[in-house]
Every structure is written in C-alpha cells, then in structure tokens.
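Working through the structure, step by step
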Amino acid sequence: MTLRTRFTDLVGIEHPIVQGGMMWVGRAELAAAVSNAGGLGILTALTQPTPDDLRREIERCRTLTDKPFGVNLTILPSVSPPPYAEYRKAIIDSGVTIVETAGHRPQEHVEDFKAHGVTVIHKCTAVRHALSAERMGVDAISIDGFECAGHPGEDDIPGLILIPAAADKLTIPMIASGGFGDGRGLAAALALGADGINMGTRFCATVEAPIHERVKQFIVDNDERGTNLIFRKFHNTGRVAKNSVSDQVVEISARDGAVFEDIRPLVSGAKGRTALETGDLDAGLVWAGQVQGLIHDIPTCAELVGRIVHDAESIIVSRLAGMVAEQVTA
Ligand SMILES: Cc1cc2nc3c(=O)[nH]c(=O)nc-3n(C[C@H](O)[C@H](O)[C@H](O)COP(=O)(O)O)c2cc1C
C-alpha cells in the first residue's frame, strides 16, 4: 500500500512527506536521507556562505541520493540582504528541479524559477498569501500553521483551521506544515484537505540531522509547552524552543520602549548555529515547534518516514474505516 496524492505525483516522490528548509540543519546529509526514505529532502540555500558553496552542496547531495530533492530559498527583510539573485542562479544552473520559497515578496524569484522549468512550492502562513502565490504561478503551497517552528506570521491561525480554509480556496496541491510529527498528523492533514505534510522540528530529532546530540535529546525531553514566541513586538514573530536565551528575549521585549537593538546581540544566527553545533543549549536561539510534545525518540529518517506512512495508512484503513458503520435499525 502507498499514499499517493497530487503532491507525490507533482514532485515524483513515494511518500507525501517533505522536510522543510532549515537554517544550519538543511544540509546534504539530512536532505539526502529524507529523499532516500521516499520523502522530499530540501537543502537550505542560505546555510551555505556563498552561492558557489551552494553549488558544491547540491553536488554533494547528488552523491548521496539519486532521488528528487529540493532547495529552500528564504527571503527575509534585511538591511543587508544576501545576494538572492546569485543564490537563485546557483540553484537554476545546478539543474535543481524543485524549490521551496518562503518569506517576503517571492515574485521575482518565482518568475525566474518558473521560466527555467523549476517546480516551485511556496511556503506561507495565510490563505491570502497562498492565493497570491497561486496567482503568481507556483506549483504547490506549503501552509504553515501557528504551531510551527520558524515564522508563523502574525495571524495566529492554527493548522486545524488554516489547512481546510486554504484547501477550500486553492486549486493547486497543498501540503500542511506546522505541528506534524507522526502518522496521526499525516492522516489528519489528508482529511483536512492537504496533499501531504511538511515537517521541520521532527526531522531535527533524527540520526542524520547534522546537529549536536544534546539538541536532539533536548527536543525529545521538551513537551508541547517548550516554545517561546519572540519578535512579536517587531511584527516578525518567531517560534523557538524555550531556553534561557529566548526567555530573556521575551522578558526584554516586554519592557516599555524596548527596541530590536536591545535584543539583537542575543538573537544572532551565528549564536544559534553555535548552539546547534556544540550542544550548548544556552548559546543562542534553538528553533523548534510545539510538536516537540509528540517527539519521543531519535530514529533514522527511513524509520521515521516508514513509521509515519504505515501509521497513517492503518489509521485510515482500520481505525477510521472501521468507524463507518451501516445504520443499524432496531
Ligand atoms: C531549526 C529550524 C530552522 C528553520 N529554518 C527555516 C528557514 O531557514 N527557512 C524556512 O523557510 N523555514 C525554516 N524553518 C521552518 C521549517 O521549514 C518548517 O516550516 C517548520 O519547522 C514546520 O513546523 P514544525 O517544526 O512544527 O514541523 C525552520 C525550522 C526549524 C526547526
């Protein structure tokens, strides 16, 4: 048995499970392991210091898998933005056929990717943004509910509402993101109208995730209350794991007249990278979602994807189908 959806057909994968772009985590080891497991692994472009490093990382991923994989390009507002057009060119020149875009104003990137025949999945957190991306010509939407790690947006709509609300309006395939970690979640996402799931935090707690063991164990030990919302005041909300750094960010931000400069030293990407690489859990921000409450082990990606698909299939075929009874008349 297998779960075939519009999304698996679109990108040519076996199972409707995607590993979303993750800064510092989305490297070749993880993306290849997810793709080899039958899902869609995704490299994170900006984790590579230069566009040429990205070209080499794409080549390295190709030595680890012959299955389809994608590249994430995250477009964040920045005073000194990375050379997005050069990263985009590196992706196109390397012959990558699937891209996940995320963030602000993706139009220029979507147009160029589409002109080069790339399949574009746009990740966003609101139905109106999903519809605008659909009009732009993207091939699929990844819709991220309020539960998610990363940037859930400012609307605070959880997946239980956001996924069916988006499914009602979109015509292109859609994957559900934020809070997914097991077969129950996959079955639920399909029932809500999605064509698959996207996971971030769950894939951090796998054997192949290129981060320190202590971070993986931290995710396992945390429960669903183990996150903080940061940057709310600055309209760029982020959901991260609760630790001494994110607690401090929340506390400082709540002070009267607090400005971003007050927290800037705490939240640098370099410090977050140190936390992930050294396992010093208080070195910086550790990005993780509420789904930590459903993560209890550190399997290989193959074990994880296999288990999620198996569990979703048996929920659909046995548990749910078994509840649909003929009406019994007395
Ligand atoms: C460590 C980490 C880093 C992330 N970095 C990015 C990123 O650079 N770009 C992006 O689009 N999403 C990023 N995300 C969000 C994920 O791609 C995905 O949308 C999110 O994790 C889904 O929610 P979940 O963690 O509940 O599965 C990151 C998530 C995590 C856990």
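Here we summarise the structure given alongside this text. All values reported here derive from a predicted model rather than from experimental measurement.

Digging into the site of the ligand
The environment of the ligand is formed by 20 residues, the closest being Gly21, Thr74, Lys123, Gly179 and Thr201. Between the ligand and Asp144 there is a distance of 3.0 Å, counted from an oxygen atom to a side-chain nitrogen or oxygen. At 2.8 Å, a backbone N or O of Gly200 approaches an oxygen atom of the ligand. Taking 600 Å² as the accessible area of the ligand by itself, protein coverage stands at 92%. Within the residue set of the shell around the ligand, elements represented by two or more residues are strand S3 (69-75) and strand S8 (197-199). A per-class count over the shell around the ligand returns 8 nonpolar, 10 polar and 2 charged.

Concerning the pairing of strand S2 (residues 41-44)
The two faces of S2 match: Gly41 and Leu43 on one face and Ile42 and Thr44 on the other face are all buried. Of the strand pairs in this sheet, S2 and S3 are connected by 4 bridges, and their pairing is parallel. Bridge pairing links Thr44 to Asn72 in S3. Read from S2 through helix H3 (residues 51-64) to S3, the crossover connection turns out right-handed.

Examining the sheet that holds strand S1 (residues 17-19)
What links the strands of a sheet is backbone hydrogen bonding, and the strands pair in either a parallel or an antiparallel sense. With parallel pairing, 8 strands are arranged side by side in an open sheet as S1-S8-S7-S6-S5-S4-S3-S2. Bordering the open sheet on either side are S1 and S2, each of which pairs with just one other strand. Across this sheet, the average inter-strand angle for adjacent strands is 30 degrees, counted without regard to direction. Where strand S5 (residues 119-124) and strand S6 (residues 140-144) come together, 4 bridges link them in parallel fashion. Pairing of His122 across the sheet is with Ile141, part of S6.

What about the layout of surface pockets?
In this structure, the second largest pocket spans a volume of roughly 240 Å³. Taken together, 16 residues line the second largest pocket, and the ones lying closest to its centre are Glu147, Leu160, Gly178, Gly179 and Phe180. Elements with a contribution of two residues or more to the lining of the second largest pocket: helix H7 (159-169) and helix H8 (183-191). Its residues placed into classes, the lining of the second largest pocket shows 8 nonpolar, 6 polar and 2 charged.

Observations regarding a nonpolar patch on the surface
Side chains of Met1, Ile316, Val317, Leu320 and Met323 sit close together on the surface and give an oily, nonpolar patch of about 510 Å² of accessible area. Here Met323 is to be found in helix H14 (residues 301-323).

Remarks on the nonpolar core
In terms of nonpolar packing, the biggest core is built from 78 residues, with Ile17, Ile141, Ile143 and Phe203 touching the most fellow members. It is H14 that provides the largest number of residues to this core, a total of 7 residues.

Some thoughts on unusual backbone geometry
With a phi angle near 75 degrees, Trp24 is a residue other than glycine that sits in the positive phi range. With respect to the element layout, Trp24 can be found in the loop between S1 and helix H2 (28-36). For Asp156, which is not a glycine, the phi torsion comes out positive at approximately 60 degrees. Among the secondary structure elements, Asp156 is positioned in the loop between S6 and H7. Residue classification places Asp156 among the partly exposed positions, given a relative accessible area of 29%.

Things to note about the state of the cysteines
Under the definition given, this model contains 0 disulfides. With no disulfide of its own, Cys61 lies 12 Å from the sulfur of Cys301, the closest cysteine sulfur. The thiol of Cys148 is not disulfide-bonded; the next cysteine sulfur, from Cys124, is found 11 Å away.

A few points about the packing of aromatic side chains
Summed over the entire model, instances satisfying the criterion amount to 2 aromatic pairs. For the pair Phe234 and Phe260, a centre-to-centre distance of 5.5 Å together with 85 degrees between the ring planes defines the contact as edge-to-face. With a gap of 26 residues between them, Phe234 in the loop between strand S9 (227-230) and strand S10 (238-241) and Phe260 in helix H12 (residues 260-263) connect regions that are remote in the sequence. Accessibility expressed as a relative area gives 25% for Phe234, which makes it partly exposed. A residue is classified by how much of its surface remains accessible, and Phe260, at 29% relative accessible area, is partly exposed. Among the aromatic residues, those joined into a cluster by ring pairs are Phe231, Phe234 and Phe260. Stacked on the ring of Phe146, the Lys or Arg Arg239 has its end atom at 4.8 Å from the ring centre.

Conventions and cut-offs
- Residues numbered from 1 in each chain as written.
- Predicted model: local features only at pLDDT ≥ 70, side-chain atom pairs only at ≥ 80, totals over all residues.
- Heavy atoms only, no water.
- Near = heavy atom within 4 Å.
- Polar contact = N/O pair within 3.5 Å; in protein donor to acceptor, adjacent residues only side chain to side chain.
- Areas by Shrake-Rupley, 256 points an atom, 1.4 Å probe, with all protein chains shown as cover.
- Helix = DSSP H or I, 4+ residues; strand = E, 2+ residues; numbered from the N terminus.
- Nonpolar A, V, L, I, M, F, W, Y, C, P; charged D, E, K, R; others polar.
- Buried < 20%, exposed > 50% of the residue type's maximum accessible area, 1.4 Å probe, protein only.
- Pairing = 2+ DSSP bridges.
- Right-handed = clockwise from strand over helix to strand, strands pointing away.
- Axes fitted to C-alpha atoms, helices over the stretch in contact; angles between N-to-C directions.
- 1 Å grid on protein atoms, 1.4 Å probe; cavity = no way out; pocket = protein on both sides within 12 Å on 5 of 7 lines; lining within 4 Å.
- Points joined across faces, edges and corners; volume = space filled by probe spheres on them.
- Patch = residues over 30% accessible without salt bridge, like charges linked within 9 Å, V, L, I, M, F, W, Y side chains within 5 Å.
- Salt bridge = Lys/Arg side-chain N within 4 Å of Asp/Glu carboxyl O.
- Core = buried A, V, L, I, M, F, W, Y, C linked by side-chain atoms within 4.5 Å.
- Disulfide = S-S within 2.5 Å.
- Phe/Tyr/Trp six-rings, centres within 6.5 Å; stacked < 30°, edge-to-face > 60°.
- Lys NZ or Arg CZ within 6 Å of the ring centre and 35° of its normal.

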